[in-house]
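Report on the structure
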Amino acid sequence: MVFNWFTRQRNQSSTEPQQEDSTEVSLPVAEPTTAVPNEESPQDAAAERLKWAKAAFKNVQQQKAGIAVEETLIETADTSVAEVELEVTEPSTTVTEIEPEPNEPSITDETASDAATSPLPFWAKAEADRLERLERLKENAIEVTPVATTTEIEPESPPAPELAFDEGFLWSAEILAAQGRRPEDVSLEEITWLKKLRQGLDKTRRSLVNQLKAIVGQGPLNQAAVSEIEALLLQADVGVEATDTIINNLQNKLRSEVLPPDAAIAYLKDLLREMLDRPLLQTHNPTFAPEKDTLNIWLMTGVNGAGKTTTIGKIAHIAQKSGYKCLIGAADTFRAAAVEQVKIWGQRSGIDVIANPGQNTDPAAVVFDAIVAARSRGTELLLVDTAGRLQNKKNLMDELSKVRRIINKKAPDAKVESLLVLDATLGQNGLRQAEVFAEAVQLSGVVLTKLDGTAKGGVALAVVQQLGLPIRFIGAGEGIEDLRPFSSYEFIEALLSS
């Protein structure tokens, strides 16, 4: 069964007959207010959520059991094939055996009888020992060689995560239920990703939630409370412009009505989610997924060390698991070992890589060859890796523009997207990078990486508010499964849930 990560919310939520509010079909997620009716008491709502989580847990357990059965069948098939190969190779190995056996040919028997009647000289014994050692070395070499070749070809399959009905599962199930999902539609991959996302934003959440609740639960904001909230948001790298917008809206809301802390946090979640989704409603396409049966070219840009090559490998993995024919173009021809790194990620994902064997070759030429190969193979998604460059290097930025012109000329009918990979640990320093790259390559969105290693998760709001660019993907770990399409609802809940 193919699980399409690019369209999971939109496809599955649109088929829900019981969903009450389906007006925002184009948005990545549904409204959370449709999960629990307003007339239910808190006890009934909690019981309903627990019942939903138990049903989802049972379904995920069945999925995991099915995956385990498939893996067992594959291992059994591999073992039987290995046994057949051993049976085929046994005759050739016994011919070279030197040690005497009861069923050896007559030549061995004669040699044994001669050895029994007359003792061998010392030089003959030494020669026999040497030949025996050589034969043992050959046998060991034959056993080791096939293992080395198979590990290079097989794509990486991450180990199945441990499944436990714990607090993390309950939170993940509540998030999926609030988006109109049914228990039987929940997958193990979604639960695992939501747990990783919440864990990755743990540093930012700890410094925000408790202090925000203490401040906004005191009623209308005075100057001291405004200063405290402003300091908290700036420490999370939300940015000055986004911080002013948040504080102004909070002040207006709290002046009109008195809200308890939980209700104030709920209003803040709605406000932040609206800010993150604003570019999708104004200038950018709300859906970001490759089109089937056509060539899609995604150009990855960014400075050195942001994680472009790693992001390409992870997106290629998602695309393959979602049923797309994928290809990688290694156009980073300047950084040492960049092509080898892309090839390693291609092997992990089982994706072919188009590269130039020479050094310091023209990146545009590599892109040209990759487009030709993609067309001949019927590729649906071509991911192009580019060299890292600083935004103030005009010659390198001009070269990036040249690559974009080659794509437009060689593949005029292709759907071209340009993604900027930003390191979340850089915080506000990444905003200037985004501004310059947007002028050179017509950015379609931002990939935010390394959120698990920083307390500055609020930089996503700064990117959206100041640059008007949507967040397309988000990374919260180093594994091949630790990058997924961005959902504003899931991000905000992971950021501000207590």
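Here the structure is a predicted model, which is why all the values come from computation and not from measurement. (Residues numbered from 1 in each chain as written. Predicted model: local features only at pLDDT ≥ 70, side-chain atom pairs only at ≥ 80, totals over all residues. Heavy atoms only, no water.)

1. Topic: helix 12 (residues 338–349)
Between its first and last C-alpha, helix 12 extends 17 Å over 12 residues, near the 16 Å set by a 1.5 Å rise per residue. Among the residues of helix 12, those classed as buried are Ala338, Val339, Val342, Trp345, Gly346 and Ser349. Summarising the axial view, the buried residues of helix 12 lie within an arc of 125 degrees, below the 170-degree limit, and thus occupy one face. Residues of helix 12 that are buried make contact with helix 11 (308–321), strand 2 (326–331), strand 3 (353–354) and strand 4 (381–386). One or two steps after helix 12, the chain reaches Gly350, where phi turns positive at roughly 75 degrees. (Helix = DSSP H or I, 4+ residues; strand = E, 2+ residues; numbered from the N terminus. Expected span 1.5 Å × (residues − 1). Buried < 20%, exposed > 50% of the residue type's maximum accessible area, 1.4 Å probe, protein only. Arc of directions from axis to C-beta. Contact = heavy atoms within 4.5 Å.)

2. Remarks on the nonpolar core
If you look at the biggest cluster of nonpolar residues, it comprises 124 residues, and the most contacted ones within it are Ile297 and Phe491. Once you skip the residues sitting within four places of it in the chain, Ile297 turns out to touch Ile371, Leu382, Val384, Ile407, Ala411, Ala414, Lys415, Val416 and Glu417. (Core = buried A, V, L, I, M, F, W, Y, C linked by side-chain atoms within 4.5 Å.)

3. Details of the pairing of strand 2
Taken across its 6 residues, strand 2 has 6 buried, putting it largely inside the fold. Across the two faces of strand 2 the burial is the same, with Cys326, Ile328 and Ala330 and Leu327, Gly329 and Ala331 all buried. Pairing of strand 2 with strand 4, which is carried by 6 bridges, proceeds in the parallel orientation. Residue pairing in the sheet places Gly329 in a bridge with Val384 of strand 4. Handedness of the crossover joining strand 2 and strand 3 through helix 12: right-handed. (Pairing = 2+ DSSP bridges. Right-handed = clockwise from strand over helix to strand, strands pointing away.)

4. Side note on the pattern of salt bridges
By the definition in use, this model includes 20 salt bridges. For Arg49, the salt bridge identified is with Glu174, shortest N-O distance 3.9 Å. Of this pair, Arg49 sits in helix 2 (residues 42–95) while Glu174 sits in helix 5 (residues 167–178), and the two are 125 residues apart along the sequence. Taking the relative accessible area as the measure of exposure, Arg49 reaches 35% and is therefore partly exposed. (Salt bridge = Lys/Arg side-chain N within 4 Å of Asp/Glu carboxyl O.)

5. A closer look at the packing of helix 15 (residues 429–441) against helix 16 (residues 459–467)
For the pair helix 15 and helix 16, the least separation of the axes is 10 Å and the interaxial angle reads 40 degrees. Comparing the axis directions of helix 15 and helix 16 gives the class oblique. Relative to helix 16, helix 15 is oriented so that their crossing is right-handed. When helix 15 is examined against helix 16, the residues Leu431, Ala434 and Glu435 are found in contact with a partner set consisting of Ala462, Val463, Gln466 and Leu467. Among the residues forming the contact of helix 15 with helix 16, the class breakdown is 5 nonpolar, 1 polar and 1 charged. (Axes fitted to C-alpha atoms, helices over the stretch in contact; angles between N-to-C directions. Parallel < 35°, antiparallel > 145°, perpendicular 65-115°, else oblique. Left-handed = near helix turned anticlockwise from the far one by under 90°. Nonpolar A, V, L, I, M, F, W, Y, C, P; charged D, E, K, R; others polar.)

6. A look at the sheet that holds strand 5 (residues 415–423)
The 8 strands are arranged 3-2-4-1-5-6-7-8 in an open sheet whose pairing can be described as mixed. Each edge of the open sheet is held by one strand with a lone partner, namely strand 3 and strand 8 (483–485). Taken together, the 5 bridges between strand 5 and strand 6 (residues 445–449) define a ladder with parallel strand orientation. By the bridge assignment, Leu420 is partnered in strand 6 with Val446. The strands that helix 11 touches are strand 1 (296–301), strand 2, strand 4, strand 5, strand 6, strand 7 (471–475) and strand 8; relative to strand 4, the one it contacts most, it runs at about 170 degrees.

7. Notes on the environment of Trp52
Here Trp52 shows up in helix 2. C-alpha separation for the pair Trp52 and Pro183, spaced 131 residues apart in sequence, amounts to 6.4 Å.

8. Remarks on the pairing of strand 7
Taken residue by residue, a regular strand's side chains alternate between the two faces of the sheet. For strand 7, the buried fraction is high: 5 of the 5 residues fall into the buried class. For strand 6 and strand 7, the ladder comprises 3 bridges, and the chain directions are parallel. Bridge pairing in strand 7 places Val447 opposite Phe473. The sheet contact formed by strand 7 and strand 8 spans 3 bridges and is antiparallel. Directly across from Ile474, in strand 8, lies its bridge partner Arg484.

9. What to know about the packing of helix 9 (residues 240–256) against helix 10 (residues 261–282)
Where helix 9 contacts helix 10, the axes come no closer than 11 Å and their chain directions differ by 140 degrees. The angle between helix 9 and helix 10 falls in the class oblique. Regarding helix 9 and helix 10, the two cross each other, and that crossing is right-handed. Residue-level contacts link Ala242, Ile246, Asn249, Leu250 and Lys253 of helix 9 to Tyr267, Leu268, Leu271, Leu272 and Met275 of helix 10. Tallied by class, the residues present in the contact of helix 9 with helix 10 amount to 8 nonpolar, 1 polar and 1 charged.

10. A word on the confidence of the model for the protein chain
Note that predicted coordinates carrying low pLDDT should not be read in detail. Confidence in the prediction for the protein chain averages 75 pLDDT; 73% of positions are at 70 or higher. Contacts from residues 10–38, a stretch scored under 50 in pLDDT, to residues over four places away or in other chains number 43 contacts. Below pLDDT 50 for its whole length, residues 84–116 participates in 9 contacts with residues either more than four positions away or in separate chains. (pLDDT = per-residue confidence, 0-100.)

11. Structural notes on a nonpolar patch on the surface
On the surface, Leu50, Phe165 and Leu170 cluster together to form a nonpolar patch covering roughly 220 Å² of accessible area. Tracing the chain through its elements places Leu50 in helix 2. (Patch = residues over 30% accessible without salt bridge, like charges linked within 9 Å, V, L, I, M, F, W, Y side chains within 5 Å. Areas by Shrake-Rupley, 256 points an atom, 1.4 Å probe, with all protein chains shown as cover.)

12. Here's the deal with the packing of aromatic side chains
Under the counting rule described, the total for this entry stands at 7 aromatic pairs. Centre to centre, the rings of Phe57 and Phe169 are 5.1 Å apart; their planes meet at 90 degrees, and the pair counts as edge-to-face. Taken together, the residues span a long stretch of sequence, with Phe57 in helix 2 and Phe169 in helix 5 at a distance of 112 residues. Residue class for Phe57 comes out buried when judged on its relative accessible area of 14%. Since its relative accessible area comes to 0%, Phe169 is described here as buried. Here the aromatic rings of Phe165 and Phe169 are separated by 5.7 Å at their centres, their planes lie at 45 degrees, and the arrangement is tilted. Residue class for Phe165 comes out partly exposed when judged on its relative accessible area of 34%. An aromatic cluster is built from Phe57, Phe165 and Phe169, whose rings are joined through pairwise contacts. In this arrangement the basic side chain of Lys292 is found over the ring face of Tyr324, its NZ or CZ atom lying 4.7 Å from the centre. (Phe/Tyr/Trp six-rings, centres within 6.5 Å; stacked < 30°, edge-to-face > 60°. Lys NZ or Arg CZ within 6 Å of the ring centre and 35° of its normal.)

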